[in-house]
Amino acid sequence: RQTEPVLVYDHHQPAFDALCSELTPAERERLQLASSAKDVAERCDVTCLMVPGPPEMEAVCLDAEGIVAGLRPGSLFIDHVRPQAFLVDRLTLGV
């Protein structure tokens with residue numbers, strides 16, 4: 001639904017600010033800033049990841065405050081990165 005909040009995490013505050021500057025006031029009202037990637041996964045049914053590449057994906061997913069640490073049973077994780085095969089194996093083992 002378009003009225004649901006959107007929880008966002010970016011360790012680089014200027015990137016979050018740039019995202020907000022491109023949104024309408026109504027869209028900005030829906031955004032909530034999470035404290036970590038783990039916080040996003042703990043609070044959301046669907047978690048989407050968009051990072052530049054495998055090193056960033058590994059850090060965001062497998063860190064102690066990462067997505068894998070916060071995923072709940074039945075939640076959906078959507079990855080928009082082309083990871084290397086070894087990283088897919090590490091993520092699968094982590095989940």
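In what follows, the accompanying structure is described. (Residues numbered from 1 in each chain as written. Predicted model: local features only at pLDDT ≥ 70, side-chain atom pairs only at ≥ 80, totals over all residues. Heavy atoms only, no water.)

Turning our eyes to something else, we now look at the pattern of salt bridges. The tally for this structure, following the rule as stated, stands at 3 salt bridges. The residue D39 makes a salt bridge to R43 at a minimum N-O spacing of 3.1 Å. Remark: R43 and D39 occur in helix α3 (residues 37–43); sequence separation between them is 4 residues, near one turn of the helix. By relative accessible area, D39 is classed as buried at 12%. According to the relative accessible area criterion, R43 is partly exposed, its value standing at 45%. R72 is the salt-bridge partner of D45, the closest N and O atoms lying 3.0 Å from each other. Residue D45 is located in the loop between α3 and β3 (46–49), and its partner R72 is located in the loop between α5 (67–70) and β4 (76–79); the two are separated by 27 residues in the primary sequence. On the basis of relative accessible area, D45 is assigned to the exposed category, the value being 58%. (Salt bridge = Lys/Arg side-chain N within 4 Å of Asp/Glu carboxyl O. Helix = DSSP H or I, 4+ residues; strand = E, 2+ residues; numbered from the N terminus. Buried < 20%, exposed > 50% of the residue type's maximum accessible area, 1.4 Å probe, protein only.)

Attention now goes to the state of the cysteines. Here is the idea: a disulfide is a covalent bond, and it sits between the sulfur atoms of two cysteines. This model, assessed by the stated rule, comprises 0 disulfides. The thiol of C44 is not disulfide-bonded; the next cysteine sulfur, from C48, is found 9.2 Å away. A relative accessible area of 14% means that C44 is categorised as buried. (Disulfide = S-S within 2.5 Å.)

In this section: the side chain of D39. Within polar-contact distance, the side chain of D39 engages the side chain of R43 at 3.1 Å. Ignoring anything within four residues of it in the chain, the contact list for D39 reads L7 and A34. (Polar contact = N/O pair within 3.5 Å; in protein donor to acceptor, adjacent residues only side chain to side chain. Contact = heavy atoms within 4.5 Å.)

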